[in-house]
Amino acid sequence: MTARVSPYAFVIINAALLVGCLQIGLLGHRAAGLFYWLMIAAVLCSNGIWHAWASYKSRTYSPGVVTGLLIYLPMTVVGYVHFLRAGEAPTGMAIVAGSVGGSHHFWSALYHRKTQG
């Protein structure tokens, strides 16, 4: 079970992520910007965890595992804790953003199953 991403799709996916991050920055310090930050952080964190799982299962290096575990996982944990403790993010907002962002791999698996099967 190896799901490969074509170089074209890789460029599109990462370009979209960068545009999304830029848009979040442009929203500034508002509720919408905070929600999207929490959501993107959850996407990046879950992606890092997925790469770690893929490396473990395949016993090979999965690109993204180092960045995911050393940068995105701690960034997400520290960010969520900070915004929740500071009262800037309501608990409900954090749960919804984390659920939406963390569900990325569920949707990705459905897409890959549909395109490969």
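The paragraphs below set out a description of the structure included in this document. (Residues numbered from 1 in each chain as written. Predicted model: local features only at pLDDT ≥ 70, side-chain atom pairs only at ≥ 80, totals over all residues. Heavy atoms only, no water.)

Considering the overall build of the protein
A tally of regular secondary structure across the protein gives five helices and zero strands. Starting at the N terminus, the α and β elements of the protein follow one another as α-α-α-α-α. Summarising its shape, the C-alpha atoms of the protein cover approximately 45 × 25 × 20 Å along the three principal directions. A burial count over the protein gives 25% of its 117 residues as buried. A sequence separation of at least 24 residues applies to 62% of the contacts in the protein between residues at least 6 apart. (Helix = DSSP H or I, 4+ residues; strand = E, 2+ residues; numbered from the N terminus. Buried < 20%, exposed > 50% of the residue type's maximum accessible area, 1.4 Å probe, protein only. Contact = heavy atoms within 4.5 Å.)

Regarding a nonpolar patch on the surface
There is a patch of nonpolar side chains on the surface, built from Ile49, Tyr61, Val66, Leu69, Leu70 and Ile71 and spanning about 600 Å² of accessible area. Per-element tally for the nonpolar patch: the top contributor is helix α3 (residues 65-85), with four residues. Along the polypeptide, isoleucine 49 turns up in helix α2 (residues 31-58). By relative accessible area, isoleucine 49 is classed as partly exposed at 44%. (Patch = residues over 30% accessible without salt bridge, like charges linked within 9 Å, V, L, I, M, F, W, Y side chains within 5 Å. Areas by Shrake-Rupley, 256 points an atom, 1.4 Å probe, with all protein chains shown as cover. Salt bridge = Lys/Arg side-chain N within 4 Å of Asp/Glu carboxyl O.)

Quick look at helix α4 (residues 91-102)
Taking 1.5 Å of rise per residue, 12 residues should cover 16 Å, and α4 covers 16 Å from first to last C-alpha, within 8% of that figure. If you check which residues of α4 are buried, you get Met93, Ala94, Ala97 and Gly101. The arc that holds every buried residue of α4, seen down its axis, measures 95°, which confines them to one face. Residues Thr91 and Ile95 are exposed on α4 and point more than 90 degrees away from its buried face. (Expected span 1.5 Å × (residues − 1). Arc of directions from axis to C-beta.)

Section: the packing of aromatic side chains
As enumerated under the stated definition, the model contains three aromatic pairs in all. Ring geometry for phenylalanine 35 and tyrosine 36: centres 5.6 Å apart, planes at 75°, overall edge-to-face. Assessed through its relative accessible area of 37%, tyrosine 36 is described here as partly exposed. Between phenylalanine 106 and tryptophan 107, the aromatic rings sit 4.8 Å apart at their centres with planes inclined by 75°, giving edge-to-face as the arrangement. On the basis of relative accessible area, phenylalanine 106 is assigned to the partly exposed category, the value being 48%. (Phe/Tyr/Trp six-rings, centres within 6.5 Å; stacked < 30°, edge-to-face > 60°.)

Notes on helix α1 (residues 7-27)
Here α1 contains 21 residues, and its C-alpha end-to-end distance of 30 Å stays within 8% of the 30 Å for a straight helix at 1.5 Å per residue. One or two steps after α1, the chain reaches glycine 28, where phi turns positive at roughly 75°.

A closer look at the packing of α2 against α4
At a closest axis distance of 7 Å, the pairing of α2 and α4 adopts a crossing angle of 40°. Our classification of the angle between α2 and α4 gives oblique. Between α2 and α4 the crossing geometry is right-handed. Contacts between α2 and α4 pair Ala31, Leu34, Phe35, Leu38, Met39, Ala42, Val43 and Ser46 from the former with Met93, Ala94, Val96, Ala97, Gly98, Val100, Gly101 and Gly102 from the latter. Class assignment for the residues of the contact of α2 with α4 results in 12 nonpolar, four polar and no charged. (Axes fitted to C-alpha atoms, helices over the stretch in contact; angles between N-to-C directions. Parallel < 35°, antiparallel > 145°, perpendicular 65-115°, else oblique. Left-handed = near helix turned anticlockwise from the far one by under 90°. Nonpolar A, V, L, I, M, F, W, Y, C, P; charged D, E, K, R; others polar.)

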